Amino acid sequence: MTPNELGLSRRSALGLLAGAAIPSGLAAQFGGGSTDVETVRLNRIGRYATGEALGGAEIVAFHAPRSRLFVVNSGAGQVEVLDLSDPSTPTQDAVLNASDLVGAESDVVSSVGGTNSVDVDGSLVAAAIEADPATDDGAVAFYDPSSLEFVGAVSVGPLPDKVTITPNGDYVVVANEGEPGGSTDPAGSVSVIDISNGARNASVSTATFGAFDGQEAALRDEAVHLVTSGDGEAVASTVIEPEFVTVAPDGERAFVSIQENNAIATVDLASATVERIDGLGFKDFSLPGNELDTSDVDGSSLQNWPLKGMYQPDAIDAYEVGGDTFVVTANEGDAKDFEVSVLKNLDLDPAGFDLSENPYVDSVEELKRPENLGNMEVNEAAMAEFAGGPNGYTDIYAIGGRSFSVWQVEDDGLRLAFDSGSRFERTFAEQYPDGHVNVVESGPETESAELGVVGDRTFAFIGQEKGSGITAYDVTSPENPTYTQMAVNRDYSVSEDDLAAAAEEDAQGDNPARAGDFAPEGVHFVPASESPIRNPLLCVGFEISGTVGVFEVTPVTNTN
């Protein structure tokens, strides 16, 4: 499917072109890169339950020398360390109470909140820890991955989210989301921590978005979403909220998803500056291949509608093909409460919608019926920002892209090379109908993404939060990825509300793992060269069930 068929054109950018990148840790791993791998199969071979619902297992990171998996248990405010020497039977090795250590052994923060993210390389563990309140500066704590001893901590910006160690080990990079709280709305930023002289001698520089203040109109021209709930105009440096970080393997630049703002920033690590912000544009759900389900009052039905969607990616990863750099995005979508309205309550401008060839409706009033789009939750703030008019809104903006995408980094911005269209939603509707939910909100909510090389091929492993699937795509050819498999291990009869109610009644007595593996938050690929078994592994933290799934990634070779 081509970008034009998906209704997305090249987006221009503010700033400079980033350097080339390949997936973190990627190299030809299976058979020295010469094995003729045709595809892969995912099979869950191991499982671990933290016992904590609603945040019990989130971001995961693997330490190959000790076969340890570090798992963020935000519900308990700690990092669990699992022994994965036998991946079929993960067991708890230790617990890092990162929040306690930062508060007890340093003056980095006065009061600590939850642990949000973790990353590890051969010699260092880095954990991102928010303050209490979360609008205060947070911290990154360092540990020795073998002894598990606390090494030190540094202060970073408010609400540090995804933390990433660069492949060359010189930097630790963390996206400081800076979400508002109460009457405070701290600025989002990206902290670049220089650890080239060791974590005990770490120094922090902060990349801010202040240089884009005053350029809000130009950013909006590139489909960057900038709104505020307060009085006055939105200021870029305040309303931009970084979410997820991936780093080029040369350690020179980072790509940072700015989820709520529908953009990706490029950060130069040596200077700790934001080089550019690329808006991602809008997905056109009226085009073939982009069908979606929009009604909760009838049966499952995927159709084309006059809707646009901001991609708003959560997790991202990057790789290089033929000297070109590509960024993979998990297009979850996100919106703050003040942005969301139900479509049937809004005024639409009839002149803004050409319904002459629509097979379902011929007026905007029919469009607003519950069996069509009427019950859809839409981003009214984006509609006012991009499609407001005196006679009503001229476009409808859905929340998220319900897909994953591959973008090529070019001199003038990010060009859409591929989008998975309706594949995730259609697979749930046809194969896992009980997981086909959230249709009037943001659909499957594609949240996690990780790249991995098996033999001579590159695969993207994509997690869908609502349906709880892990989908594999062969992205060796960025313009023509191919669907491989969706793996689901979920008991849909147990809902998130069931787990929340049980946890409130008896947090110690409930077993959230009874829901199966629910809501993949973090995905980590372990190449064959680092795996304790012959084949690669895919480790997944399932947030709502508080479980960790260990999947064997089995290469299927070409036997022709």
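Criteria and cut-off values
Residues numbered from 1 in each chain as written. Predicted model: local features only at pLDDT ≥ 70, side-chain atom pairs only at ≥ 80, totals over all residues. Heavy atoms only, no water. Helix = DSSP H or I, 4+ residues; strand = E, 2+ residues; numbered from the N terminus. Rg over C-alpha atoms; globule rule 2.2 N^0.38 Å. Areas by Shrake-Rupley, 256 points an atom, 1.4 Å probe, with all protein chains shown as cover. Salt bridge = Lys/Arg side-chain N within 4 Å of Asp/Glu carboxyl O. Buried < 20%, exposed > 50% of the residue type's maximum accessible area, 1.4 Å probe, protein only. 1 Å grid on protein atoms, 1.4 Å probe; cavity = no way out; pocket = protein on both sides within 12 Å on 5 of 7 lines; lining within 4 Å. Points joined across faces, edges and corners; volume = space filled by probe spheres on them. Nonpolar A, V, L, I, M, F, W, Y, C, P; charged D, E, K, R; others polar. Pairing = 2+ DSSP bridges. Axes fitted to C-alpha atoms, helices over the stretch in contact; angles between N-to-C directions. Lys, Arg positive; Asp, Glu negative; His and termini not counted. Contact = heavy atoms within 4.5 Å. Phe/Tyr/Trp six-rings, centres within 6.5 Å; stacked < 30°, edge-to-face > 60°. Lys NZ or Arg CZ within 6 Å of the ring centre and 35° of its normal. pLDDT = per-residue confidence, 0-100.

Novice: Please give an account of the overall build of the chain that cites residues and values.
Specialist: Along its length, the chain carries seven helices and 34 strands. Taking 2.2 N^0.38 as the reference for a compact globule, 560 residues should give roughly 24 Å; the C-alpha atoms of the chain span a radius of gyration of 22 Å, in line with that estimate. Along the three orthogonal principal directions, the C-alpha set of the chain runs to about 65 × 55 × 55 Å. Counting only carbon and sulfur atoms, one obtains 41% of the accessible surface of the chain, whose full area is about 19,600 Å².

Novice: Run through the pattern of salt bridges, naming residues and quoting values.
Specialist: Two side chains with opposite charge may pair up if their charged atoms get near one another. A full pass over the atoms with the stated rule returns 16 salt bridges. Where Arg-426 meets Glu-291, a salt bridge forms, and the shortest distance between an N and an O atom there is 3.4 Å. Here Glu-291 lies in the loop between strand E19 (282-284) and strand E20 (308-310) and Arg-426 lies in helix H6 (residues 423-431), a separation of 135 residues in the sequence. Residue Glu-410 pairs with Arg-415 through a salt bridge whose shortest N-O separation is 3.3 Å. This pair shows no difference in class: Glu-410 is buried, exactly as Arg-415 is. Taken together, the shared-partner salt bridges connect Arg-44, Arg-47 and Asp-517 into one network.

Novice: Which residues make up the layout of surface pockets, and what values go with them?
Specialist: Counted as a void, the second largest pocket has a volume near 400 Å³. Every residue lining the second largest pocket is counted, 21 residues in all, and those nearest its centre are Glu-332, Gly-333, Asp-334, Ala-335 and Glu-445. Partitioning the lining of the second largest pocket into residue classes produces three nonpolar, three polar and 15 charged.

Novice: Lay out the sheet that holds strand E14 (residues 203-208) with the relevant residues and their values.
Specialist: The four strands lie next to each other as E11-E12-E13-E14, forming an open sheet whose pairing is antiparallel. Looking at the sheet topology across the chains shown, the edges are occupied by strand E11 (160-165) and E14. Across the sheet, the mean angle from the axis of one strand to that of its neighbour is 20°, orientation sign disregarded. Note that E11 and strand E12 (residues 171-176) share four bridges and pair antiparallel. From the neighbouring strand, Pro-160 faces E12, where its bridge partner is Asn-176.

Novice: Would you mind going over the side chain of Glu-260 in detail, with residue names and values included?
Specialist: Here Glu-260 lies in the loop between strand E16 (253-258) and strand E17 (263-268). Despite its burial, Glu-260 pairs with no opposite charge; the closest candidate is Lys-336, at 4.4 Å N-O. Once residues lying within four places of it in the same chain are set aside, the contact partners of Glu-260 are Glu-177, Glu-179, His-225, Glu-241, Glu-243, Gln-312, Asp-334 and Lys-336.

Novice: Could you give an account of the sheet that holds strand E8 (residues 125-131), naming the residues involved and the relevant values?
Specialist: Spatially, E7-E8-E9-E10 is the arrangement adopted by the four strands of the open sheet, whose pairing is antiparallel. Of all the strands in the sheet, just strand E7 (112-120) and strand E10 (150-158) have a single pairing partner and so form its edges. Neighbour to neighbour, the strand axes of the sheet diverge by 25° on average, direction disregarded. Judged from the six bridges that link them, E7 and E8 form a sheet pairing that is antiparallel. Bridge pairing links Val-118 to Ala-127 in E8.

Novice: Can you explain the packing of aromatic side chains? Please cite residues and give values.
Specialist: In the structure shown here, the tally under the stated rule is 16 aromatic pairs. On the numbers, 5.0 Å between centres and 65° between planes, the contact of Phe-282 with Tyr-397 is edge-to-face. Note that Phe-282 is positioned in strand E19 and Tyr-397 in strand E25 (residues 397-399), a separation of 115 residues in sequence. The class of Phe-282 is buried, set by a relative accessible area of 17%. Since its relative accessible area comes to 2%, Tyr-397 is described here as buried. Between Phe-424 and Tyr-473, the ring centres sit 6.2 Å apart and the planes meet at 80°, which makes this aromatic pair edge-to-face. Here Phe-424 is found in helix H6, whereas its partner Tyr-473 is found in strand E30 (residues 469-474), with 49 residues between them in sequence. Given a relative accessible area of 3%, Tyr-473 falls into the buried group. The positively charged end of Lys-162 is found above the aromatic ring belonging to Phe-244, 5.2 Å away from the centroid. The ring of Tyr-483 has Arg-423 lying over it, and the distance from NZ or CZ to the ring centre is 3.5 Å.

Novice: Pulling in residues and values, what's your account of the confidence of the model for the chain?
Specialist: Looking at the chain, the pLDDT average stands at 92 and 93% of residues meet or exceed 70. Note on residues 1-34: pLDDT is under 50 here. Beyond four places in sequence and across chains, it has 121 contacts.

Novice: Now, about the pairing of strand E22 (residues 324-331): what can you tell me, with residues and values included?
Specialist: For E22, the buried fraction is high: seven of the eight residues fall into the buried class. Of the pairings in the sheet, the one linking strand E21 (residues 316-321) to E22 comprises six bridges and is antiparallel in character. Paired with Asp-317 across the strands is Val-328, a residue of E22. Linking E21 to E22, which pair antiparallel, is a turn of two residues; within it Gly-322 sits at a positive phi near 60°. With six bridges connecting them, E22 and strand E26 (residues 403-410) associate as antiparallel partners. Residue pairing across strands places Asn-331 opposite Ser-403, the latter belonging to E26.

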